[in-house]
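# Reading the structure
Chain by chain, the residues run as shown.
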Amino acid sequence: MPTAILTGQPVPGSSIEDDLRALGFDVRSATDVADTETLLAESSCDERVAFVDARFVGHLHALRLGLTDPRFPLAAVPGAVTAQPGAGRTALIRELAREISACGDAPKDPGQALSAVAVDSLADRIARALDADGLGVHRPELGSLTAAVPADPAARDIARQAVAAVDDEAVRLKSSVKSRDGFFTTFCVSPYSRYLARWCARRGLTPNQVTTASLLTALIAAGCAATGTRGGFVTAGVLLLLSFVLDCVDGQLARYSLQYSTLGAWLDATFDRAKEYAFYAGLALGAARGGDDVWALALGAMVLQTCRHVVDFAFNEATAGDPAATANTSPTAALSDRLDGVGWTVWVRRMIVLPIGERWALIAVLTALTTPRTTFTVLLVGCGFAATYTTAGRVLRSFTRKAQRTERATRALADLKDSGPLAELIGRIPVRTPGSSRFIPALESAVPLVVALWLCSYGSWVPVAFAALYVLSSGVAVSIPLKGRLDWLVPPLFRAAEYGTVLILAGKAEVNGALPAAFGLVAAVAYHHYDTVYRIRGNAGAPPRWLVRASGGHEGRTLVVVVLAALLSASQFVVALTVLAVAVALLVLTESIRYWVTAHRGGAPAVHDEGVPA
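Parameters and conventions
- Residues numbered from 1 in each chain as written.
- Predicted model: local features only at pLDDT ≥ 70, side-chain atom pairs only at ≥ 80, totals over all residues.
- Heavy atoms only, no water.
- Helix = DSSP H or I, 4+ residues; strand = E, 2+ residues; numbered from the N terminus.
- Buried < 20%, exposed > 50% of the residue type's maximum accessible area, 1.4 Å probe, protein only.
- Contact = heavy atoms within 4.5 Å.
- Areas by Shrake-Rupley, 256 points an atom, 1.4 Å probe, with all protein chains shown as cover.
- Expected span 1.5 Å × (residues − 1).
- Pairing = 2+ DSSP bridges.
- Axes fitted to C-alpha atoms, helices over the stretch in contact; angles between N-to-C directions.
- Parallel < 35°, antiparallel > 145°, perpendicular 65-115°, else oblique.
- Left-handed = near helix turned anticlockwise from the far one by under 90°.
- Patch = residues over 30% accessible without salt bridge, like charges linked within 9 Å, V, L, I, M, F, W, Y side chains within 5 Å.
- Salt bridge = Lys/Arg side-chain N within 4 Å of Asp/Glu carboxyl O.
- Core = buried A, V, L, I, M, F, W, Y, C linked by side-chain atoms within 4.5 Å.
- Phe/Tyr/Trp six-rings, centres within 6.5 Å; stacked < 30°, edge-to-face > 60°.
- Lys NZ or Arg CZ within 6 Å of the ring centre and 35° of its normal.

## Section: the overall build of the chain
Counting its regular elements, the chain contains 27 helices and 7 strands. Sorting the 614 residues of the chain into buried and exposed places 52% on the buried side. In the chain, 81% of the contacts between residues at least 6 apart in sequence involve partners at least 24 apart. Only carbon and sulfur atoms are counted for the fraction: they give 64% of the accessible area of the chain, which is about 26,100 Å².

Given below as structure tokens:
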């Protein structure tokens, strides 16, 4: 159980002890600073510890935000400071020892000593000292909530009136909803899903349980779509919307109860992709039952959506820590700022990029009212426009400002490339290329490969030569860091080339099972790429090099698929794709699950993504 140590003069009638116990703390009272050190030593080293001034007046939710958020090793609100086990606790012990040393000449009478160190609150002084040491104490935004240590009875009365004037439960419920979200989520889901989140919290449900329920609902929806009947399509659309509501509830529950975790963030992100792509597969199976083959459209939708995400991830990582990214004075940024000044344009711009809420609502309605072919066609057009709009804007921003890429951003882009052993080997060969950008060599290799595959018939050996060129160019892209203005486009280009290769060859095979097998292979590889992103976002680095080498890297897998298409008959190619899909899936899933479960059990820092999902 976490420990809260009350310091300072106790106030008759104060509810601070009850509030701390309501938050799950074991409350101890210290008579002086030395007693504080003793109680700290007696508290469990494996649990959170907090110093709270006994004179604290404030909302319960203010204390909850300051003392129970698992994402931050050190956190504070006025009158309270907390540390998690590990480095945070060590820092707290060090600062307390400094306080004791500074009070060495204080009066020996316990009451006088306590008064001497509580002039402006021991907790506040320790929080300031931790900040001064560069340890980054998190201070949550309290907004209308009150957290204070009044200096006298008059100030205490004013603080209590401020507490009574604001309903902290209403604030807590409102803050459970993302401050920036899509139109559909904001106006059609969040007004009631927040109450479902509170209902779940009061019954002890966890965000991971709600996330799992959302996945199961989406899988049932996919199964209903696979029946190929109108009733099945209608039911599938309704269940997909219900799955999205539950997807919103899990995040709101995490924010409402501050139940953030590394495993939860991974499950939430991973299951979103699994739900959407499983539904694509269900629609394709349902269409096949009705005599319409839309597997190519389903695979195309998955390829397009995955490449969109990679563009988002790569650009965000490339601009992370870049001062020019947050203080952009380019004409593009100026236009964007002017548009944001007009209220309705903000919502229009959020809607046209088809974030997850709008996209799932579109899929659900079209599934219930039209055919799978129509659903995929509209989805491809909409996502294609969204991808063009967002990518063009980012390219313009990249052209109109000088990139100042940090080492972390450069390393993240290198990891996102997913370069295998062939590219590594070629990258060691000194090659002189004009300029420092890797975007042009990547473009010059990816486009000819896709064009050659498109123009040549199945079984031709011509694409093998272009695939070999693609491998060579991939090695050149590894040779130097990606620091050019447009080098953040290199990972998306490699994704498009690899996924497009599988899609085109499976389509040209013109045999039953080729496109479903290709769908499985792309899904397995895409999972590996998403897993890489989520590890980078969680500051855990990329997957281990042995996994990337064992899976062949993007260039190795692309070359293998092209060679297999040249060597094997169409029916044999289907078997080869299936085997390759199973092998890649087993490899990346086993390592991914092992890593995330181990990270969760090992107490890795909790993370939570508050960005607008694409």
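## Some details on the environment of L425
Note on placement: L425 falls in helix α20 (residues 421–427). The exposure class assigned to L425 is exposed, which follows from its relative accessible area of 53%. Taking the C-alpha atoms as reference points, L425 and L472, 47 residues apart in sequence, are found 9.7 Å from one another.

## A look at helix α17 (residues 356–369)
The first and last C-alpha atoms of α17 sit 20 Å apart over 14 residues, in line with the 20 Å expected at 1.5 Å per residue. In terms of burial, α17 is largely enclosed, as 11 of its 14 residues are buried.

## Re the sheet that holds strand β1 (residues 3–7)
Strand order in this open sheet of 5 strands is β2-β1-β3-β6-β5, and the pairing throughout is mixed. A strand with exactly one partner marks an edge of an open sheet, and here the two such strands are β2 (26–29) and β5 (74–77). For this sheet, the mean inter-axis angle between neighbouring strands, taken without regard to orientation, is 20°. Of the strand pairs in this sheet, β1 and strand β3 (residues 49–53) are connected by 5 bridges, and their pairing is parallel.

## Some words on the environment of K417
Position of K417 relative to the elements: it lies in helix α19 (residues 407–417). Here the alpha-carbon distance between K417 and P491, two residues 74 residues apart in the chain, equals 4.7 Å. Once residues lying within four places of it in the same chain are set aside, the contact partners of K417 are A477, V478, L482, V490, P491, F494, R495 and H554.

## Focus: the packing of helix α2 (residues 33–42) against helix α4 (residues 87–102)
Relative placement of two packed helices is described by the angle separating their axes and the distance separating the axes. At a minimum axis separation of 10 Å, α2 and α4 run at an interaxial angle of 155°. Judged on the interaxial angle alone, α4 and α2 are roughly antiparallel. At the point where α2 passes α4, the crossing takes the left-handed sense. Counted together, V33, A34, T36, E37 and L40 of α2 and R89, I93, L96, E99 and I100 of α4 form the full contact between these two elements.

## Things to note about a nonpolar patch on the surface
A surface patch of nonpolar side chains, amounting to about 450 Å² of accessible area, comprises V447, V451, W454 and L455. Relative to the assigned elements, L455 resides in helix α21 (residues 439–455).

## Focus on the nonpolar core
Of all hydrophobic cores here, the largest spans 111 residues; its most connected members are F279, Y280, L299, W488, F519, L521 and L577. With 15 residues, helix α24 (residues 514–537) is the single largest residue contributor to this core. Sequence-distant contacts of L299, that is, excluding residues within four places in its chain, are made with L503, L515, A518, F519 and V522. One finds L63, L145, A254 and L258 within the second-largest nonpolar core, a separate group that totals 22 residues.

## Thoughts on the pairing of β5
Judged by which residues are buried, β5 turns out to be covered on both faces: L74 and A76 on one side and A75 and V77 on the other are all buried. Two elements, β5 and strand β6 (residues 80–83), share 4 bridges in a ladder whose sense is antiparallel. Across the sheet, residue A75 finds its bridge partner in β6, namely T82. Counting the residues in the hairpin turn of β5 and β6 gives 2 residues, including G79, whose phi is positive at 90°.

## Digging into the packing of aromatic side chains
If you walk through the whole model with that rule in mind, you get 16 aromatic pairs. With a centroid separation of 5.0 Å and an interplanar angle of 65°, the aromatic rings of F187 and W347 are classed as edge-to-face. Here F187 is found in helix α9 (residues 183–202), whereas its partner W347 is found in helix α16 (residues 343–352), with 160 residues between them in sequence. Here F187 falls in the partly exposed class, since its relative accessible area comes to 45%. In textbook terms, an aromatic cluster arises when at least three aromatic residues are bridged by ring pairs, as seen for F183, F187 and W347. The lysine or arginine in question, R71, covers the ring of Y260, its NZ or CZ lying 3.9 Å from the ring centre. Positioned over the ring face of W347 is R350, at 4.9 Å from the centre of the ring.

## Examining the pattern of salt bridges
Pairs can form between side chains of opposite charge once their charged atoms are near each other. Summed over the entire model, instances satisfying the criterion amount to 27 salt bridges. For the salt bridge of D133 with R98, the shortest nitrogen-to-oxygen distance reads 3.0 Å. Of this pair, D133 sits in the loop between α6 (122–132) and β7 (147–148) while R98 sits in helix α4, and the two are 35 residues apart along the sequence. Judged by relative accessible area, D133 falls into the partly exposed class, the value being 34%. Using a relative accessible area of 43% as the deciding quantity, one classes R98 as partly exposed. As a salt-bridge pair, K483 and E407 come within 3.3 Å of each other at their nearest N and O atoms. Of this pair, K483 sits in the loop between α22 (462–479) and α23 (490–509) while E407 sits in helix α19; the two residues are 76 residues apart in sequence, bridging distant segments of the chain.

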